[in-house]
Amino acid sequence: METAWQNRRTCSSLCEECPGCDSPYPLGGLGDPDSDLMLLAQEPAYNVDEDTVELRMPWQEAKETMEENRRQSMNPLWRQMTVVSEAVGLRPTDLYFTNLAKCNDRKSSWQARFDQCRGYFLRELETVSPEVILLYGRDVIDAVLDMWGLEPPDKISEVHAQRKEVPGRTLVPLYHWAYAARSGWINRYNQEVAQVVKAAFSE
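In this text, all values refer to a predicted model and were calculated from it rather than measured experimentally. For every chain, the first residue of its written sequence is number 1, and the numbers climb from 1 along that sequence. This being a predicted model, a pLDDT of at least 70 is required before a residue's local features are given, and a value of 80 or more before pairs of side-chain atoms are given or counted; all residues contribute to the totals for chains, interfaces and linings. Here the side-chain values reflect all heavy atoms present in the structure, with hydrogen atoms and water set aside.

S.K.: Residue-level account of the sheet that holds strand β6 (residues 169-174), with values.
M.R.: Pairing in this open sheet of six strands is mixed, and the strands run β1-β3-β2-β4-β6-β5 from one edge to the other. With partners counted over all chains shown, the strands left at the sheet margins are β1 (30-31) and β5 (164-166), one partner each. A pair of strands is labelled paired if DSSP reports no fewer than 2 bridges between them. Think of it this way: any DSSP run of H or I at least four residues long counts as a helix, any run of E at least two long counts as a strand, and we number them from the N terminus. In the sheet, β1 pairs with strand β3 (residues 96-99) via two bridges, with the strands oriented antiparallel. Following the sheet pairing, Gly31 is matched in β3 by Tyr96. Each of β2 (37-41), β3 and β4 (132-136) is contacted by helix α3 (residues 76-87), which is oriented at about 150° to β2, the strand it contacts most. Two residues form a contact once any of their heavy atoms are found within 4.5 Å. Where helices are involved, their axes are fitted lines through C-alpha atoms of the stretch in contact, as for all axes, and angles between N-to-C directions lie from 0 to 180°.

Okay, structure coming up:
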């Protein structure tokens, strides 16, 4: 993520001509880069009460600020990281969270931004090398399954909270936590997530 941060500041390398270059800043790479458990979402939501991240910051300062901004009990990402970490006896900061598309200008297509960011994610995947990857939402599920040559499902319900073993990894497709919250079943959703994560690390 440090490379993505530096390139976004100058709109160079993989960030050159990216439609996401009008976004506030790249968001991802939070938590422990040595974690065995990665949470993977589609794109930044920038949903914090007071966002104090500035693109002019050096990467390490920006990373610490992003993590502090989201380390709030009511922040949706933090709540999800808490659910996942408690299932396996860890702290939220022991996990690794990132987005497939590092930026979100809220105007351009997600696919166009992910096409630019694909190289960043592949580098993250190699560096972090997680045993288990939680895939949140339709676009993430389709994109990552395609990377491993797997057929995307017709409906998320066909694969939700069901582990898929690929060489060196366990993939866990999931509805996005925001969808579960909007649909009124977040408590059951959190139980399902906790169960599948616990099972993935107990075998």
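That covers the picture; the talk isn't over yet.
S.K.: Got a sec to walk through the side chain of Thr170? Specific residues and values, please.
M.R.: On the secondary structure map, Thr170 appears in strand β6. Accessibility here uses a 1.4 Å probe with only protein chains present; expressed as a share of the type maximum, an area under 20% marks a residue as buried, one over 50% as exposed, and anything in between as partly exposed. On the accessibility criterion, Thr170 (10% relative accessible area) is buried. In terms of polar contacts, Thr170 uses its side chain to reach the side chain of Glu165, at 2.8 Å. With sequence-adjacent residues up to four places away left out, Thr170 is seen in contact with Glu131, Val132, Ile133, Arg163, Lys164 and Glu165. Pairs of N or O atoms within 3.5 Å make up the polar contacts considered here, provided that, within protein, one atom can donate a hydrogen while the other can accept it, and that residues adjacent in sequence are counted only when both atoms are side-chain atoms.

S.K.: Quick one: what's the story with the state of the cysteines, residue by residue and with numbers?
M.R.: Criterion for a disulfide: a pair of cysteine sulfur atoms at a distance within 2.5 Å. Taken as a whole and judged by the stated rule, the model has one disulfide. One disulfide bridge connects Cys11 with Cys21, the sulfur atoms lying 2.1 Å from each other. Disulfide Cys11 to Cys21: torsion about the S-S bond roughly -135°, handedness left-handed. With a gap of 10 residues between them, Cys11 in the loop between α1 (2-10) and β1 and Cys21 in the loop between α1 and β1 connect regions that are remote in the sequence. Between Cys18, a free cysteine, and Cys117, which holds the nearest cysteine sulfur, the sulfur-to-sulfur gap is 5.6 Å. Under the relative-accessibility criterion, Cys18 is labelled buried at 12%. Distance from the sulfur of Cys103, which forms no disulfide, to the nearest cysteine sulfur (Cys117) is 6.1 Å.

S.K.: Provide a residue-level description of a negative patch on the surface, including the pertinent values.
M.R.: Patch membership requires over 30% relative accessible area and the absence of a salt bridge. Like charges are linked within 9 Å, and nonpolar side chains (Val, Leu, Ile, Met, Phe, Trp, Tyr) within 5 Å. Each accessible area value is a Shrake-Rupley result obtained with a 1.4 Å probe; residue values ignore everything except the protein chains displayed when judging cover. Whenever Lys or Arg places a side-chain nitrogen within 4 Å of a carboxyl oxygen from Asp or Glu, that contact is recorded as a salt bridge. Charge assignment: positive for Lys and Arg, negative for Asp and Glu; neither His nor the chain ends contribute. One atom stands in for each charge, and that atom is NZ of Lys, CZ of Arg, CG of Asp or CD of Glu. Residues Asp146, Glu151, Asp154 and Glu158 make up a contiguous surface patch of negative charge. Locating Glu158 in the fold gives a position in the loop between α5 (138-147) and β5.

S.K.: Tell me what's going on with the pairing of β4, and back it up with residues and numbers.
M.R.: Taken across its five residues, β4 has five buried, putting it largely inside the fold. Burial along β4 is two-sided: Val132, Leu134 and Tyr136 facing one way and Ile133 and Leu135 facing the other are all buried. Of the strand pairs in this sheet, β2 and β4 are connected by four bridges, and their pairing is parallel. What sits directly across from Met38, in β4, is Ile133. Bridge count for β4 against β6 is five bridges, and the pairing is parallel. Bridging from a neighbouring strand, Ile133 pairs with Leu171 of β6.

S.K.: Which residues make up the environment of Asn7, and what values do they have?
M.R.: On the secondary structure map, Asn7 appears in helix α1. Residues contacting Asn7, with those up to four places away along its chain left out, are Ser12, Ser13, Leu14, Cys15 and Tyr120.

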